[in-house]
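# Residue-level structure breakdown
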Amino acid sequence: MVGTLYLVATPIGNLGDFTYRAVETLKNVDLIACEDTRHSKILLARYGIDKPLTGFFDFSEKEKAPRIIEKVKNGAKVALISDAGTPGISDPGYRLVAEAIRVGARMEAIPGPTALVAALVLSGLPTDRFVFEGFFPVKAGQKKARLLSLKDEPRTVIFYESPHRLLKTLEAIRETLGDLEIVVARELTKKFEEVVRKRVSEAITHFSHKKVLGEFVILWNLMNPGGSSPNEPPGFIRRLR
Ligand code: SAM
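Residues numbered from 1 in each chain as written. Predicted model: local features only at pLDDT ≥ 70, side-chain atom pairs only at ≥ 80, totals over all residues. Heavy atoms only, no water.

## Comments concerning the sheet that holds strand 8 (residues 181–186)
Put simply, the rule is: Strands were regarded as paired on the criterion that DSSP finds at least two bridges between them. Each helix is a run of H or I in the DSSP string that is no shorter than four residues. Each strand is a run of E no shorter than two, and both are numbered from the N terminus. Here the axes come from fitting lines to C-alpha atoms, over the contacting stretch only for helices, and the angles between their N-to-C directions go from 0 to 180 degrees. Contact between two residues is taken to exist if any of their heavy atoms lie within 4.5 Å; hydrogens are not considered.
The strand order across the open sheet built from 5 strands is 6-7-10-8-9, with neighbouring strands paired in mixed fashion. At either margin of the open sheet sits one strand with a lone partner, and together these are strand 6 (130–135) and strand 9 (194–199). For this sheet, the mean angle separating the axes of adjacent strands, direction not counted, is 20 degrees. Looking at chain direction, strand 8 and strand 10 (residues 216–220) are connected through 5 bridges and run antiparallel. Within strand 10, the position partnered with Arg-186 by the bridge is Phe-216. Contacting strand 8, strand 9 and strand 10, helix 8 (residues 200–208) runs over the sheet at an angle of about 135 degrees to strand 9.

## Examining the pairing of strand 6
Along any regular strand, the residues point their side chains to alternate faces of the sheet. Two elements, strand 6 and strand 7 (residues 156–161), share 4 bridges in a ladder whose sense is parallel. If you follow Phe-132 over to strand 7, its bridge partner there is Ile-158.

## Comments concerning helix 5 (residues 115–123)
What counts, and what does not: Burial here depends on accessible area, computed with a 1.4 Å probe over protein chains only, as a share of the maximum for the residue type. Under 20% is buried, over 50% is exposed, and the range in between is partly exposed. The arc refers to the directions leading from the helix axis to the C-beta atoms.
Those residues of helix 5 that sit buried are Ala-115, Leu-116, Ala-119, Leu-120 and Ser-123. The buried residues of helix 5 occupy an angular sector of 125 degrees when projected down its axis, which confines them to one face. Buried residues along helix 5 sit against strand 6, strand 7, strand 8, strand 9 and strand 10. Positive backbone phi, approximately 85 degrees, marks Gly-124, located one or two places after helix 5.

## Considerations on the site of the ligand
Selection criterion: Residues are counted as near a molecule or strand when any one of their heavy atoms sits within 4 Å of it. As used in this structure description, the phrase polar contact means that two N or O atoms lie within 3.5 Å; if the pair is within protein, one of them must be able to donate a hydrogen and the other to accept it, and residues adjacent in sequence are counted only when both atoms belong to side chains. Under the scheme applied, nonpolar residues are Ala, Val, Leu, Ile, Met, Phe, Trp, Tyr, Cys and Pro; charged residues are Asp, Glu, Lys and Arg; polar residues are all the others, including Gly. As annotated, the domain borders come from an automatic or database domain assignment.
For the ligand, the set of nearby residues contains 18 residues, the closest of which are Thr-114, Ala-115, Tyr-160, Leu-188 and Phe-216. Within the backbone of Ile-89, an N or O atom sits 3.1 Å from a nitrogen atom of the ligand. A distance of 3.3 Å is found between a nitrogen atom of the ligand and a side-chain nitrogen or oxygen belonging to Glu-215. Secondary structure elements with two or more residues in the shell around the ligand: strand 7 and strand 10. Residues of the shell around the ligand, tallied by class, amount to 9 nonpolar, 5 polar and 4 charged. Lining the shell around the ligand are residues from two domains, each supplying at least three of them: domain 1 (4–110) and domain 2 (115–220).

## Regarding the side chain of Lys-143
Applicable threshold: Charge counting treats Lys and Arg as positive and Asp and Glu as negative, with His and both chain ends excluded. Here, a salt bridge means any side-chain nitrogen of Lys or Arg that lies within 4 Å of a carboxyl oxygen of Asp or Glu.
By secondary structure assignment, the location of Lys-143 is in helix 6 (residues 140–148). Here Lys-143 is buried and forms no salt bridge, its nearest opposite-charge partner Glu-161 lying at an N-O distance of 4.3 Å. Engagement of the side chain of Lys-143 in a polar contact is seen with the side chain of Thr-169, the distance being 2.7 Å. Lys-143 has contacts with Phe-136, Pro-137, Val-138, Glu-161, Arg-165, Lys-168, Thr-169 and Ala-172, leaving out every residue within four places of it along the chain.

## Examining the environment of Ala-33
Its place among the elements puts Ala-33 in strand 2 (residues 31–34). Separated by 24 residues in sequence, Ala-33 and Phe-57 have C-alpha atoms that sit 8.5 Å apart. The residues touching Ala-33, leaving out its near neighbours within four places in the chain, are Thr-54, Phe-56, Ile-68, Ala-79, Leu-80 and Ile-81.

This is the structure in structure tokens:
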């Protein structure tokens, strides 16, 4: 029997976004490798999925990957899921994929939600070319260096950010790239979904009013006519059009 590793996307908030194929696949596997077993148990129980779970994202992925992929090589059907969205996007899922490729194990993606794509299409920014930068570095110096490396970036830039770092990161964007127009997408597909399109200084004011809660995606495009980066070279917008 040929085993398969299934990369299965799960909802990023709204449980209605679990695809039919994702649920069917998870009902038919022998093992589900996940991020937080308690979190996944609750999600899977709501869909009547009762399968053995193994925690994969726990800083020992390098050691665990060969053991899981060996099961696939021996004929097992194994699914990889994350706490939310598409596994492998801003998580160590790629280590399992790399191991599967190394030993020639069969793989299939079961696509579905991912926060960066939902945020991009809602942003109103150009979607034809974009660059996903994952999470910002935590240290101030590294954050600034990363932002400076993007000062001439003509594509739409997308970052993930955690709630407790949001205001500091917005401040770093304003200091490094100027008071440009940004989009902050919060709690996508959830009850408190919000897409804020403002200059960075206005977004800082907006999110300073109350405790910052939820999950965030930050986007901008330096060619966006509203952009006012002082680092913008003369004719920048025109030249790239
Ligand atoms: N695998 C996920 C995906 O496909 O989007 C991303 C996992 S990453 C560890 C978690 C980050 O994704 C959060 O900190 C947040 O920046 C972003 N994110 C996830 N769900 C979100 C949502 N519903 N709304 C806004 N951002 C979200």
